[in-house]
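Residue strings, one per chain:
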Amino acid sequence: MNAQLAPDLVRRFADLVSPGHALVEPADQARYLIEWRDLYRGETPLVLKPADTVEVAAILRLAHETKTAIVPQGGNTGLVGGQIPGPGRGEIVVSLERLDRVRSIDPLGNSMVVEAGAPLATVQAAAEAADRLFPLTLASLGSCQIGGNIATNAGGTAVLAYGNARNLVLGLEVVLADGRVWNGLRRLGKDNAGYDLKQLFIGSEGTLGVVTAAALKLYHRPRGLAAGFVAVASAAAALDLLARAQGAAGFGLTGFELMSGLAMEFALRHLPGARLPTATAPWYVLIEVSSSRSDAEAEATLVDILDGAMAAGEAGDAAVAQSLAQVQDFWRLRHGMSEVQKQEGGSIKHDVSVPIGDLPAFLGEAMAAVTAAFPGCRPVPFGHMGDGNIHFNVSQPEGADRQGFLDRWEEMNAVVHAVVAKYDGSVAAEHGVGRLKVDLLETTKPALDLELMARLKAALDPEGILNPDRIIRRT
Ligand SMILES: Cc1cc2nc3c(=O)[nH]c(=O)nc-3n(C[C@H](O)[C@H](O)[C@H](O)COP(=O)(O)OP(=O)(O)OC[C@H]3O[C@@H](n4cnc5c(N)ncnc54)[C@H](O)[C@@H]3O)c2cc1C
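Residues numbered from 1 in each chain as written. Predicted model: local features only at pLDDT ≥ 70, side-chain atom pairs only at ≥ 80, totals over all residues. Heavy atoms only, no water.

(A) Fine view of the nonpolar core. Formed by 55 residues in total, the largest nonpolar core has its most connected members in F13, F134, I146, I150, L172 and L216. The dominant element in this core, judged by the number of residues it contributes, is helix 3 (residues 53–66), at six residues. When residues of this core are sorted by domain, at least three fall in each of domain 1 (7–95) and domain 2 (102–220). A249, V289, L363 and C377 belong to the second largest nonpolar core, which has 48 residues in total. (Core = buried A, V, L, I, M, F, W, Y, C linked by side-chain atoms within 4.5 Å. Buried < 20%, exposed > 50% of the residue type's maximum accessible area, 1.4 Å probe, protein only. Helix = DSSP H or I, 4+ residues; strand = E, 2+ residues; numbered from the N terminus. Domains from an automatic or database assignment.)

If you want it as structure tokens, here you go:
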């Protein structure tokens, strides 16, 4: 790989985009080089901002020919460092931000075609303007781009009803590592004519191709919404409640978020104006029900679920939001969970999933294991119970040395991941692998999985120029 780029090669790359869109000055590059949580700081000879697919293709052709590493970048909200060029590696950043057009929208066919650099919020707004819903939604929606969402197979809070990004893509346009453009922008609901190639690129974190456009699935907009906040005695009771809610609401169950009692205590302590909607309990659940007809219908379904849960002893106390503002207050408690943990000192994070039915057992064992191994530590798990995906975060013991606690990050990971392995779970459930979890993947994935992944990488990117050393290490 070309680690030191000669000035004339930098110039050849810069000439592939129009003037002003090849950034070499540190001040101009800065925002492309710092990751959201400031865990990674990058370095690059060049940030390129191509205008269209043709320019992206030209960049990759030259990169392939000269063995120059390329780091595709969307909205730079990824949390595992994949979009940040490594220091001293000569990696060129290709930002997709100028490919931000909505190419077409077909409300009757429930599809739209957008370019990769369109921010998720723009995609949602374009769908809404056509009276449709693009259901993918994340807290980073104002900054993240649809291409980044696809490259990371993003999840978010509506996965329970609509699936991950993978389920929302009908087709893709991808620039391959050698600069050829694969036009897979089909809008077909059914297509069994051979391998489903688009799925290879979804979740590949920029290691197999650069997504330049996508055909997306749209849905009719729900006409009604109701949200409930429920106090439950245990994670097992929350699982019973989930089954009850799915039975009653079917696809209308659009949210089911679990929060531990301590995570909630942190939120109430640190979120300005936060108020607990129910009596205190060991666990809480936020339920959201949608209706194709009206708020009243959504609320009737929700109340039915909650009445049944109270009668069965699954719920101790429950509140139903009486206004949109209250719905937002409920979600604010959930969305604030990560942020408030910072106020309690160091926090060691695990983005894991296990089969949904095993979640209560997993949580019980993992919480017992970390408190035995790190006396005084405070597990504060929360997350998308409906997807089996929990952010198993552990806060430092009260009054302990923050850095001393964080220095034991890998030790803590090993304890938690051993329990994840026992339940045949995933150690990279939502945020992907990037640079952060490459070593972890090597030690937790079966050898045959790793071999097949390496073979795919070699087939699609023989020179290893696309996001090298993300997901799998270069051999
Ligand atoms: C506050 C906050 C909340 C979040 N919530 C969630 C959540 O609920 N669920 C979730 O899944 N994630 C979440 N994330 C993580 C992040 O927002 C998502 O991973 C998002 O999908 C990344 O999109 P991006 O455009 O910012 O991509 P970037 O961060 O720019 O890139 C991410 C990866 O994708 C690659 N990439 C980007 N664009 C392309 C492209 N066009 N073609 C090929 N590869 C590309 C990059 O090389 C990199 O490896 C959250 C992040 C933040 C900061």
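Now that the structure has been shown, the text picks up again.
(B) Main features of the sheet that holds strand 2 (residues 47–48). Pairing in this open sheet of four strands is mixed, and the strands run 1-2-4-3 from one edge to the other. With partners counted over all chains shown, the strands left at the sheet margins are strand 1 (22–23) and strand 3 (70–73), one partner each. Examined bridge by bridge, strand 2 and strand 4 (residues 92–95) share two bridges and lie parallel to one another. If you follow L48 over to strand 4, its bridge partner there is V94. (Pairing = 2+ DSSP bridges.)

(C) Layout of the site of the ligand. Near the ligand there are 34 residues, and of these P72, G74, T77, G78 and S140 occur at the shortest range. Separating a nitrogen atom of the ligand from a backbone N or O atom of G156 is a distance of 3.4 Å. For the ligand, the accessible surface in isolation is 970 Å², of which the surrounding protein chains cover 93%. For the shell around the ligand, the secondary structure elements donating two or more residues are strand 3, helix 5 (146–151) and strand 10 (210–217). The element best represented in the shell around the ligand is helix 5, accounting for four residues. Partitioning the shell around the ligand into residue classes produces twelve nonpolar, 20 polar and two charged. No fewer than three residues from each of domain 1 (7–95) and domain 2 (102–220) sit in the shell around the ligand. (Near = heavy atom within 4 Å. Polar contact = N/O pair within 3.5 Å; in protein donor to acceptor, adjacent residues only side chain to side chain. Areas by Shrake-Rupley, 256 points an atom, 1.4 Å probe, with all protein chains shown as cover. Nonpolar A, V, L, I, M, F, W, Y, C, P; charged D, E, K, R; others polar.)

(D) Seen up close, unusual backbone geometry. The backbone of N76 sits at a positive phi, close to 60 degrees, despite the residue not being glycine. With respect to the secondary-structure elements, N76 resides in the loop between strand 3 and strand 4. By relative accessible area, which is 9% here, N76 ends up buried. Positive phi, normally seen in glycine, also occurs at I471, with a value near 65 degrees.

(E) The arrangement of the side chain of S111 in detail. Relative to the elements of secondary structure, S111 occurs in strand 6 (residues 111–115). Accessibility expressed as a relative area gives 2% for S111, which makes it buried. Every residue in contact with S111, bar those within four places of it in the chain, is listed here: I105, D106, L170, R187, L216 and L218. (Contact = heavy atoms within 4.5 Å.)

(F) Quick look at the pattern of salt bridges. Evaluation of the coordinates by the stated rule reveals 30 salt bridges. Of the charged contacts, one joins E411 and R408 as a salt bridge, the two residues approaching to 2.8 Å between their closest N and O atoms. Owing to a relative accessible area of 43%, E411 belongs among the partly exposed residues under this scheme. Shared partners join several salt bridges into a network, and the residues in it are R89, E91, D469 and R470. (Salt bridge = Lys/Arg side-chain N within 4 Å of Asp/Glu carboxyl O.)

Remember, this is a structural readout, not a statement about activity or role.
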